[in-house]
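# Close look at the chain arrangement
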Amino acid sequence: MSGSLTSGIRSVAVFCGSSEGHRGVYRSAAASLGRFLCERNIHIVYGGGNVGLMGVLADAALAEGATVTGVMPQHLVDREIAHRGLSRLIIVDDMHERKAKMAELAEAFIALPGGPGTMEEFFEAWVWHQLGLHSKPVGLLSVDGYYDALGRFFEHMVEEGFMSRTYRDMIVVEKEATQLFERLSAQYGNTG
């Protein structure tokens, strides 16, 4: 375990797609992140699915011996998309309870590439940080530049006066997991 990289972060919520995207780079990045977190003995909390990047992340981490907790609403379990090989599967009533439970269990948040659901989860974690409901670091893993346009839009929000620089700086955006964790760890060390 490389303690210098984790700087005390022991658990991370990972938001990611229930699809794999059209390019293999996304699948590779999800598997790599799962292994990366396992190597650092970081507990993974995620949406609990066996599909898309969620399943890839969980499978890669579990294959290396990681502890992986899934949090899933009953209606999605009923659709048979729950990963049955997890260290722990927490079944909740709805999506709101899912996000609250993931936030409770995690000390940091990462979004891998994903669609509207991933964005909604990421934005809620970020806004909760802005509102002072938590002080946990929030980051985007911009695989192959996936979040670059979003980063430019964040700058546009600041330039147009709809967001303060302080709120923009709460978000860590990196293309590689190592750099992302170095920066998340620095934030965690200052606020955790």
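Residues numbered from 1 in each chain as written. Predicted model: local features only at pLDDT ≥ 70, side-chain atom pairs only at ≥ 80, totals over all residues. Heavy atoms only, no water.

## A look at the pattern of salt bridges
Between side chains of opposite charge, a pair can form as their charged atoms come close. Going through the model one piece at a time under the given rule, you end up with 13 salt bridges. When the shortest N-O distance is used, the salt bridge between Glu155 and Arg165 registers 2.7 Å. Here Arg165 lies in helix α8 (residues 165-169) and Glu155 lies in helix α7 (residues 148-159), a separation of 10 residues in the sequence. We classify Glu155 as partly exposed; its relative accessible area is 23%. Arg168 serves as the salt-bridge partner of Glu155, at 3.2 Å between the closest nitrogen and oxygen. Of the two residues, Glu155 is situated in helix α7 and Arg168 in helix α8; the sequence distance between them amounts to 13 residues. Shared partners join several salt bridges into a network, and the residues in it are Glu155, Arg165, Arg168 and Asp169. (Salt bridge = Lys/Arg side-chain N within 4 Å of Asp/Glu carboxyl O. Helix = DSSP H or I, 4+ residues; strand = E, 2+ residues; numbered from the N terminus. Buried < 20%, exposed > 50% of the residue type's maximum accessible area, 1.4 Å probe, protein only.)

## Section: the packing of helix α5 (residues 95-105) against helix α6 (residues 116-130)
At a minimum axis distance of 11 Å, the contact between α5 and α6 shows a crossing angle of 55°. The orientation of α5 with respect to α6, classified from their angle, is oblique. In this structure, α5 meets α6 at a crossing whose hand is right-handed. Contact with α5, carried on its side by Arg98, Lys99, Ala100 and Ala103, involves Glu120, Glu121, Glu124 and Trp128 of α6 and no other residues of that element. Across the contact of α5 with α6, the residue classes tally to three nonpolar, no polar and five charged. (Axes fitted to C-alpha atoms, helices over the stretch in contact; angles between N-to-C directions. Parallel < 35°, antiparallel > 145°, perpendicular 65-115°, else oblique. Left-handed = near helix turned anticlockwise from the far one by under 90°. Contact = heavy atoms within 4.5 Å. Nonpolar A, V, L, I, M, F, W, Y, C, P; charged D, E, K, R; others polar.)

## A short note on the packing of helix α2 (residues 24-39) against helix α3 (residues 52-63)
Orientation of α2 relative to α3, taken along the N-to-C sense of each, is 35°, at an axis distance of 7 Å. Classified by chirality, the crossing of α3 by α2 is right-handed. Between α2 and α3, the residues in contact are Tyr26, Arg27, Ala30, Ala31, Leu33, Gly34, Arg35 and Cys38 and Leu53, Val56, Leu57, Ala60 and Ala61, respectively. Of the residues in the contact of α2 with α3, the class split is 10 nonpolar, one polar and two charged.

## Comments concerning unusual backbone geometry
Within the chain, Glu80 stands out as a residue other than glycine whose phi angle is a positive 65°. Along the chain, Glu80 falls in the loop between α4 (74-78) and β4 (88-92). You will see that Asp144, though not glycine, has its phi angle at about 50°, which is positive. Within the element layout of this structure, Asp144 appears in the loop between β6 (138-141) and α7. Of the residues examined, Asp144 reaches a relative accessible area of 52% and is grouped as exposed.

## So, the sheet that holds strand β7 (residues 171-174)
Sheet architecture is open: seven strands sit in the order β4-β3-β2-β1-β5-β6-β7, paired in parallel fashion. Of all the strands in the sheet, the pair left with one neighbour each is β4 and β7. Averaged over neighbouring strand pairs, the angle between their axes works out to 25° when direction is ignored. Across three bridges, the pairing between strand β2 (residues 43-46) and strand β3 (residues 68-73) is parallel. Looking at β3, one finds that Tyr46 is bridged to Gly70. Relative to β3, α5 is tilted by about 160°, and along the sheet it contacts β1 (11-15), β2, β3, β4 and β5 (109-111). Sitting on the sheet, α6 is in contact with β1, β5, β6 and β7, with an inclination near 150° to β6. (Pairing = 2+ DSSP bridges.)

## Brief notes about the nonpolar core
Counting residues in each nonpolar core, the largest one holds 36 residues, and the members touching the most others are Val14, Leu33, Leu37 and Leu112. For this core, the secondary-structure elements that each account for two or more residues are β1, α2, β2, α3 and α9 (177-191). The element that contributes the greatest number of residues to this core is α2, accounting for eight residues. Leaving out residues up to four positions away in the same chain, Leu112 has contacts with Val14, Phe15, Cys16, Ala29, Ala30, Leu33, Leu57, Thr118, Leu141, Val143 and Tyr147. (Core = buried A, V, L, I, M, F, W, Y, C linked by side-chain atoms within 4.5 Å.)

Scope: geometric values only; no functional claims are made or implied.
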